Amino acid sequence: MKKVIKFCLLLVLAAGNLTAIAYADEVTDWNQIMLDTLRKAGASPITSIRVGAIVQSAVYDAVNGINGTFTPIHVAPAAPRGASLRAAAVQAAYATLVKLFPTQQSDLDASRAASLAAISSGGDDENEKEDDDENQDSRSMARGIEWGQTVADGILAWRSADGFADTAPPFLGGSAPGQWRPTPPAFAPGLLPLLGNATPFVIRSGAQFPQAGPPPLTSDQYATDFNEVKLLGSATSPSRTSDQTVLALFWQSSLSGPDYFWDRVAVSLGAQRRTSLSQNARILAMVNIAHADAVIAAWYGKYKFAFWRPLTAIQNADDDGNAGTSTEAGWTPLLVTPPYPDYPSGLLSVSSAALAVIAHQFGERSSFTVDSNGMPGVVRFFPDVPAALDELVNARILAGIHFRTADVDAIKLGTAIGNYIIANSFQSVHKEKEDKNDKNDKKGKKDKKDKKDKKD
C-alpha cells in the first residue's frame, strides 16, 4: 500500500472548536439546523444527501430569485419587489425541512421564530446590506417569507418523484467469482438498486460519465488491490497503525451523512473569506447538488458492475483464478461491510465531487479541518484538497470495505461531476447576456457582410 500520509490528529474539547463559524448568516445557520435535523432523524447517508440537495437548492433559488445574479436551479427569479433576502432564505430552508421531517416541526418552528426575530430586530449583520430595506420592515420580511415558501413548494414538487427511493425486487447478486452477494452479519439484499436511474439535479443521467469498471480478476492490479486490503483492512490487522484505525473509523462516523463533512468545510472556508449570504447560498447549493448527482452516478456503476466486496473476495479467493491471491476463510473487515457492491466507492464519489466545487471556490491549496458529529473531539487537518482525497482513499482500504481501484476511479468520477456542475450551472446572468450580445453582434456583422457581398 502506498504510504499513508499522517496528518495531525487534533483532540479538542469540542469538535466544532476549529470549525466554528464566527461570521455566520441565515444561510449558514440553517445549514447547521439542517445537519442537526438529519442527526436527530437518524437519516441514512442517501437520505441525508437528497435532503441536503433539496434544502440548499431551495435556499439558493430563494436568494437568487431576489437578486437574480445567477441562473436558477429550478425556480425562475420572480420575487416580489423589496423582498428580504434573509427572510426568504429562512423560510425556504424551514419549509423544506418541515415537509421532509414533520415530526421535528416544534424544533423547526422555534428555530424559524428565532431567526425571524433576529432579522426583525436589525443589528450589525453585514449581510443586511444585500437587502433592499436595510431595516427589515414588516413588508420586506413578509414578501421574503412568501417568496421563500413559493420556492420551497416548487423545489419539493420538482423532487417529489425523483426516484431516490424507488423500490425493486430484492437484489441478491450472484454466486460466480467477482459477483456481489449479501455479506455478514445482516446478509441484507443490495440497497437501492434503482438509485442509479434517479433524476439528477444538474447532470443528465447517472450513466453520463463512463466508468472503466473493476480490474479483471486474473490481473496483477486485482492481486495488488486484494492483498493490500487483506493485509491492512482486517479487523485485527497488526500492520495498521492507531492513527490509521482512527481515520478509518472517522470517515464512517458522521451522523448527518457526507453533508456534515463537506458543508462544514465550505462554511468554514467561506467564513475565513467573509463570503456574503448570497455567496454562501450558491456555494452550499453547488456542494450539496454535487453530493446528490455523484451518488446517483456511483450507484449506476455499483449495480452495472455488481463487483464483490473484499470480505467476499478474500473468503473465496480460491475461485478467482488469480495465482497472486489466497483464501482466508475467517477474514473480517474492520468496519461492517455496507449492503451494496464495491465499485465505485460512494463516499469517494460524493466527496471528490464536493471537493471539486470547494477547490474551484476557494483554491485547491486551501488548508482546512474536518470534524464529525459522530466522533466529538476528533478533527482531521489537511494542507490541501489532494491530501484529503488521499486520506479518503486509504480510509476505505484500512476499513476493509473497498479495493483501491474502487476508490481511485470514484475520484475520477466525482471530480468530473463536480467540474460539470461548475461549468453548466449557477452561471452568471450577466455573462450569459454578454455572450448573447456577442453572438448577436457577430451575426449582425455577418449579415452586413453578406449583403455587401451580394451588392458587389
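Residues numbered from 1 in each chain as written. Predicted model: local features only at pLDDT ≥ 70, side-chain atom pairs only at ≥ 80, totals over all residues. Heavy atoms only, no water.

Asks: I'm lost on the overall build of the protein in this one. Help?
Replies: Along the protein, the regular secondary structure elements total 14 helices and three strands. Taking all 456 residues of the protein together, the buried fraction comes to 55%. Accessible surface, the protein as shown: approximately 19200 Å² in total, 53% of it carbon and sulfur. (Helix = DSSP H or I, 4+ residues; strand = E, 2+ residues; numbered from the N terminus. Buried < 20%, exposed > 50% of the residue type's maximum accessible area, 1.4 Å probe, protein only. Areas by Shrake-Rupley, 256 points an atom, 1.4 Å probe, with all protein chains shown as cover.)

Asks: Before we go on, may I ask you to explain unusual backbone geometry in this structure?
Replies: In terms of backbone geometry, most residues other than glycine have negative phi values and most peptide bonds are trans. A cis geometry characterises the amide bond from Pro184 onward to Pro185, with omega recorded as 5°. The topology assignment puts Pro185 in the loop between helix H5 (138-159) and helix H6 (220-232). Cis peptide bonds are those with omega within 30 degrees of zero, and the linkage from Tyr343 to Pro344 qualifies with -10°. Even without being glycine, Leu192 reaches a positive phi, approximately 50°. Structurally, Leu192 can be placed in the loop between H5 and H6.

Asks: Is there a simple way to explain the nonpolar core in this structure?
Replies: Inside soluble globular proteins, nonpolar side chains tend to come together where they are buried. The biggest cluster of nonpolar side chains holds 126 residues, and the ones touching the most others in it are Trp251, Trp262 and Phe368. The element best represented in this core is helix H9 (residues 277-305), accounting for 17 residues. In this structure Trp262 touches Trp251, Val287, His291, Ser351, Ala354, Leu355, Ile358, Phe368, Val370 and Leu392, once residues within four positions along its chain are discounted. (Core = buried A, V, L, I, M, F, W, Y, C linked by side-chain atoms within 4.5 Å. Contact = heavy atoms within 4.5 Å.)

Asks: So what exactly am I meant to see when it comes to the packing of aromatic side chains here?
Replies: Aromatic ring pairs are defined here through the distance separating the ring centres and the angle between the ring planes. In this structure the tally under the stated criterion is 19 aromatic pairs. When the centroid spacing of 4.8 Å and the interplanar angle of 65° are considered together, the rings of Trp251 and Phe261 count as edge-to-face. One end of the pair, Trp251, is in the loop between helix H7 (242-250) and helix H8 (258-272); the other, Phe261, is in helix H8, and 10 residues separate them in sequence. By relative accessible area, which is 2% here, Phe261 ends up buried. (Phe/Tyr/Trp six-rings, centres within 6.5 Å; stacked < 30°, edge-to-face > 60°.)

Asks: I keep staring at the environment of Pro193 and nothing clicks. Help me out?
Replies: Along the chain, Pro193 falls in the loop between H5 and H6. The exposure class assigned to Pro193 is partly exposed, which follows from its relative accessible area of 21%. For Pro193 and Pro170, which are 23 residues apart along the polypeptide, the C-alpha to C-alpha distance reads 8.6 Å. For Pro193, the residues in contact, after removing those within four places along its chain, are Ala168, Phe171 and Tyr303.

Asks: So what exactly am I meant to see when it comes to the pattern of salt bridges here?
Replies: Opposite charge on two side chains makes pairing possible when the charged atoms of those side chains draw close. Under the defined criterion, the tally for this structure stands at 12 salt bridges. The salt bridge involving Arg50 is made with Asp162; its shortest N-O contact spans 2.9 Å. A residue pair is termed long-range when its members are at least 10 positions apart, and Arg50 in helix H2 (residues 45-67) and Asp162 in the loop between H5 and H6 qualify at 112 residues. Arg380 is the salt-bridge partner of Asp243, the closest N and O atoms lying 3.1 Å from each other. With Asp243 in helix H7 and Arg380 in strand E3 (residues 378-382), the pair connects residues that are 137 residues apart, well separated along the chain. Asp243 sits in the buried class, given a relative accessible area of 10%. (Salt bridge = Lys/Arg side-chain N within 4 Å of Asp/Glu carboxyl O.)

Asks: Explanation requested: the packing of helix H11 (residues 346-362) against helix H13 (residues 404-424) in the structure shown.
Replies: The geometry of a pair of packed helices is captured by two quantities: the angle between their axes and the separation between those axes. Where H11 contacts H13, the axes come no closer than 7 Å and their chain directions differ by 45°. Classified by the angle between their axes, H11 and H13 sit oblique to one another. Viewed along their axes, H11 and H13 form a crossing whose handedness is right-handed. On H13, the residues that touch Leu348, Ser349, Ser352, Ala353, Ala356, Val357 and His360 of H11 are Asp407, Ala410, Ile411, Leu413, Gly414, Thr415, Gly418, Asn419 and Ile422. Among the residues making up the contact of H11 with H13, the classes are represented as eight nonpolar, seven polar and one charged. (Axes fitted to C-alpha atoms, helices over the stretch in contact; angles between N-to-C directions. Parallel < 35°, antiparallel > 145°, perpendicular 65-115°, else oblique. Left-handed = near helix turned anticlockwise from the far one by under 90°. Nonpolar A, V, L, I, M, F, W, Y, C, P; charged D, E, K, R; others polar.)

Asks: What exactly am I supposed to notice about the confidence of the model for the protein here?
Replies: Should pLDDT be low for a region, the predicted coordinates there are not to be read in detail. Looking at the protein as a whole, its pLDDT mean stands at 90, while 86% of the residues score no less than 70. Per-residue pLDDT stays below 50 along residues 1-21; that stretch engages in 55 contacts with residues further than four places along the chain or on separate chains. (pLDDT = per-residue confidence, 0-100.)

Asks: Honestly, helix H1 (residues 26-41) in this entry has me stumped. Any pointers?
Replies: Helical periodicity: at 3.6 residues per turn, an α-helix aligns residues three or four positions apart in one direction. Between the first and last C-alpha of H1 there are 22 Å, a value that for 16 residues agrees with the 22 Å anticipated at 1.5 Å per step. Taken together, the buried positions of H1 are Glu26, Val27, Thr28, Trp30, Asn31, Ile33, Met34, Leu35, Thr37 and Leu38. Looking at the buried residues of H1, the elements they touch are H2, helix H3 (85-100), helix H4 (105-120), H8 and H9. Following H1 by one or two positions, Gly42 adopts a phi angle in the positive range, close to 65°. (Expected span 1.5 Å × (residues − 1).)

Asks: Hey, could you run me through the environment of Val295 in this one?
Replies: Summarising the element assignment, Val295 is placed in helix H9. A C-alpha to C-alpha distance of 9.5 Å links Val295 and Ala353, two positions 58 residues apart in sequence. Contact partners of Val295, with chain neighbours within four places excluded, come to Ile46, Ile49, Phe164, Leu195 and Val350.

Asks: Sorry if this is basic, but what is going on with the layout of surface pockets here?
Replies: A probe as big as a water molecule, rolled over the atoms, marks out the empty space that is left. Volume-wise, the largest pocket comes out at about 520 Å³. Surrounding the largest pocket, 30 residues form its lining, Pro45, Gln252, Pro258, Tyr340 and Arg396 being those nearest its centre. For the lining of the largest pocket, the elements supplying multiple residues, two or more each, are H2, H8, H9 and H11. Within the lining of the largest pocket, the residues separate by chemical class into 16 nonpolar, 10 polar and four charged. (1 Å grid on protein atoms, 1.4 Å probe; cavity = no way out; pocket = protein on both sides within 12 Å on 5 of 7 lines; lining within 4 Å. Points joined across faces, edges and corners; volume = space filled by probe spheres on them.)

Asks: Whenever I open this one, the pairing of strand E2 (residues 368-371) confuses me. Can you help?
Replies: The side chains of a regular strand alternate, residue by residue, between the two faces of the sheet. Across the two faces of E2 the burial is the same, with Phe368 and Val370 and Thr369 and Asp371 all buried. Here four bridges tie E2 to E3, and the two strands are oriented antiparallel to one another. Note on E3: the bridge partner recorded for Asp371 is Val379. Counted along the chain from E2 to the antiparallel partner E3, the turn is six residues long, and its residue Gly377 has a positive phi close to 95°. (Pairing = 2+ DSSP bridges.)

Asks: What's the story with the packing of H1 against H9 in this structure? I'm lost.
Replies: In the contact formed by H1 and H9, the axes pass within 8 Å of each other and the chain directions differ by 35°. Side by side, H1 and H9 meet where Glu26, Val27, Thr28, Asn31 and Met34 of the first sit next to Leu277, Asn280, Ala281, Leu284 and Asn288 of the second. Tallied by class, the residues present in the contact of H1 with H9 amount to five nonpolar, four polar and one charged.

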